[in-house]
Amino acid sequence: MNNRLYGNLIFELSHEGRRGYSLPKNRFGHYEVPQELRRGRDAELPECDELTVVRHYTNHSGNNFGVDNGFYPLGSCTMKYNPCIDEEVAAMPQFANLHPLQPKDTTAGAQAVCTLLERALCALTGMSAFTFKPFAGAHGELTGLMVIRGYHESRGDSRRTKVIVPDSAHGTNPASAAVCGLEVVEVKSRADGTVDVDHLKELLDDTVAAMMMTNPNTLGLFEKSIPEIAQLVHGCGALMYYDGANLNPMLGACRPGDMGFDVMHINLHKTFATPHGGGGPGAGPVGVRKGLEPFFPCVSPYSGNFAVEMRAYAYILSLGRENIKMVGPLATLNANYIKECLKDLYLLPIEGLCKHEFVFDGLRDKSTGVTTMDVAKRLLDYGYHAPTIYFPLLFHESLMIEPTENESKDTLDGFVKVMRTIAREATEQPDEVKGAPHSTPIGRVDDVLAAKHPVTTFRQMRI
Ligand SMILES: *Cc1c(COP(=O)(O)O)cnc(C)c1O
């Protein structure tokens, strides 16, 4: 509807000379703007009436997809529901209007929120202290690795320049290690999808600064060998880093601090409900075990993304000590339910109980030529956000589904039904699936062209 009635770009609705405003008559006389300050030619701005502008943007905003519109099973991202009360609390003028340079004695409330949130996160993770400075998970990884580097340097140990990262890790892990000036060494996964401890043993020596792990890992599998891994890593003098992006299914079940991790980050925007579709805003507080607090670096001014911290604190309080214990088990139940309902039609490369998410390797029937990309695009026609696709890189046709604990059985059943329908379509009318989406304002875009040659201006579009 938007395209036909309103045009895709505000420039397409422009008519020369049309105005959406009227300025008061000039009562101040006429002044010449010096020549050198003037434009060579008029700015090319769209010229529209007020209602056209309002409708154009309002209708476009309706094209946004979020957890509030529909099911959003994006694996590894934990797109969970952000209750309205969290937004309300974060928007309270007493907090929202604070200025970072206000005198400290006028911000006692905000400081109390940080202290109380830190206490809650310590209780949930088993860590001893948190810094709120990092703005995202990746920023937290860098901060945490700086803590580890600082720790080794304080002992005069400058040989430790390597970070061990599993091959299933999120791309930010090796990237953060590299940005921190450390060398990345990859440890392989076993056929069951967990870290190959024998391979790890070969890699451990006194040049290793840290081992980074995600648990449950990016396949949604609980890393059962962590106690042994922690012992091996500590045994060679290195520290254990926990990538907390997948903390959601751990809530109420177990704590990284109890498993032997020394440093971790939490993605508040994943586990503690801040909406983050489209890349922001986020917060990646870093926690450390006792004794490592002095090594917190100053990676940003002030206390990070305070509004995200407010939402996290409101979320934790609204669930409370008892209900928060249900988060992990329910997220796990929902993921396993979808997995079991679909594994006869979609290829499940690793059988068994998963945690909050799991990975299919595309459709079971490979003869149709319908890919994971096609399935993901077809889901859009049915009103669902696509799962994560082609990650992790361990399989060719990864389709990674994470429902979260928030969804009702009806929603899960609706999704299962559509996924089954798409599998049937793949056999009976594959071209329909391969040409999807058919019902979105824009059909299938050329991913490569969009990345290699992005068209970001109206003028470029006309050429
Ligand atoms: C999302 C994610 C990250 C990075 O977090 P950002 O907040 O996006 O920077 C790191 N590791 C894993 C496993 C993730 O899912």
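Report on the accompanying structure. Computed from a prediction, not measured in an experiment: that's the story for all the values here. (Residues numbered from 1 in each chain as written. Predicted model: local features only at pLDDT ≥ 70, side-chain atom pairs only at ≥ 80, totals over all residues. Heavy atoms only, no water.)

By the element assignment, Thr274 lies in the loop between helix H11 (268-271) and strand S7 (286-288). Ignoring anything within four residues of it in the chain, the contact list for Thr274 reads Asn82, Leu268, His269, Pro281, Val308 and Arg311. (Helix = DSSP H or I, 4+ residues; strand = E, 2+ residues; numbered from the N terminus. Contact = heavy atoms within 4.5 Å.)

Ranked by internal contacts, the top residues of the largest apolar core, which has 52 residues, are Leu121, Ile164, Met211, Ile229, Leu268 and Phe272. Those elements giving two or more residues to this core turn out to be helix H5 (108-125), strand S3 (183-187), helix H8 (197-203), strand S4 (208-214), helix H9 (226-235), strand S5 (239-244), strand S6 (263-266) and helix H12 (306-342). The dominant element in this core, judged by the number of residues it contributes, is H12, at 9 residues. Non-local contacts of Ile164, meaning those with residues more than four positions away in its chain, are made with Val185, Val187, Leu200, Leu203, Leu204, Val208, Ala210, Met211 and Met212. By size, the runner-up hydrophobic cluster in this structure holds 25 residues, among which are Ala335, Cys354, Ile401 and Phe415. (Core = buried A, V, L, I, M, F, W, Y, C linked by side-chain atoms within 4.5 Å. Buried < 20%, exposed > 50% of the residue type's maximum accessible area, 1.4 Å probe, protein only.)

In the neighbourhood of the ligand, 13 residues make up the surrounding shell, with Ser76, Gly137, Asp243, His269 and Lys270 lying closest. Between an oxygen atom of the ligand and a main-chain N or O atom of Ser76, the distance comes to 2.7 Å. Note that an oxygen atom of the ligand is positioned 2.7 Å from one of the side-chain N or O atoms of His269. In the complex, the protein chains occlude 87% of the 380 Å² of accessible area that the ligand would expose alone. (Near = heavy atom within 4 Å. Polar contact = N/O pair within 3.5 Å; in protein donor to acceptor, adjacent residues only side chain to side chain. Areas by Shrake-Rupley, 256 points an atom, 1.4 Å probe, with all protein chains shown as cover.)

The subject of this paragraph is the sheet that holds S4. With respect to topology, 7 strands assemble into an open sheet ordered S1-S7-S6-S5-S4-S2-S3, the strand pairing being mixed. On the outer flanks of this sheet lie strand S1 (129-131) and S3, each paired with one strand and no other. Between one strand and the next, the sheet's axes are offset by a mean angle of 25°, whatever the strand orientation. Alignment of strand S2 (residues 162-166) against S3, held across 5 bridges, turns out to be parallel. Looking across to S3, one finds that Lys162 is bridged to Glu183. The strands touched by H9 within the sheet are S4 and S5, with S5 carrying the most contacts at an inclination of about 135°. (Pairing = 2+ DSSP bridges. Axes fitted to C-alpha atoms, helices over the stretch in contact; angles between N-to-C directions.)

The next point concerns the environment of Val233. In this fold, Val233 is placed in helix H9. Along the sequence, Val233 and Thr457 sit 224 residues apart, while their C-alpha atoms lie 51 Å from each other. Sequence-distant contacts of Val233, defined by excluding residues within four places in its chain, comprise Leu204, Met211, Ala238, Leu239 and Met240.

Turning to the packing of aromatic side chains, a few remarks are in order. Per the counting criterion, the structure on display carries 10 aromatic pairs. Aromatic pair Phe71 and Phe415: ring centres 5.0 Å apart, planes at 70°, arrangement edge-to-face. Of this pair, Phe71 sits in the loop between helix H2 (50-61) and helix H3 (84-90) while Phe415 sits in helix H14 (residues 409-428), and the two are 344 residues apart along the sequence. With a relative accessible area of 4%, Phe71 lands in the buried category. Geometrically, the ring pair formed by Phe272 and Tyr315 is edge-to-face, given 6.3 Å between the ring centres and 70° between the ring planes. Residue Phe272 is located in the loop between H11 and S7, and its partner Tyr315 is located in helix H12; the two are separated by 43 residues in the primary sequence. Judged on exposure class, the residue Phe272 and its partner Tyr315 are both buried. (Phe/Tyr/Trp six-rings, centres within 6.5 Å; stacked < 30°, edge-to-face > 60°.)

For the bond from Phe391 to Pro392, the omega torsion is 0°, close enough to zero to count as cis. Even without glycine at this site, Thr78 takes up a positive phi of about 45°. Within the secondary structure, Thr78 sits in the loop between H2 and H3. By relative accessible area, which is 0% here, Thr78 ends up buried.

This paragraph deals with a nonpolar patch on the surface. On the surface, a cluster of nonpolar side chains totalling about 270 Å² of accessible area is made up of Met326, Leu330 and Leu333. Along the chain, Leu330 turns up in helix H12. (Patch = residues over 30% accessible without salt bridge, like charges linked within 9 Å, V, L, I, M, F, W, Y side chains within 5 Å. Salt bridge = Lys/Arg side-chain N within 4 Å of Asp/Glu carboxyl O.)

Turning our eyes to something else, we now look at the pairing of strand S8 (residues 358-361). Burial of the side chains of S8 extends over both faces: Phe358 and Phe360 are buried on one face and Val359 and Asp361 on the other. Pairing of S8 with strand S10 (residues 398-401), which is carried by 4 bridges, proceeds in the antiparallel orientation. Within the sheet, the bridge partner assigned to Asp361 lies in S10 and is Ser398.

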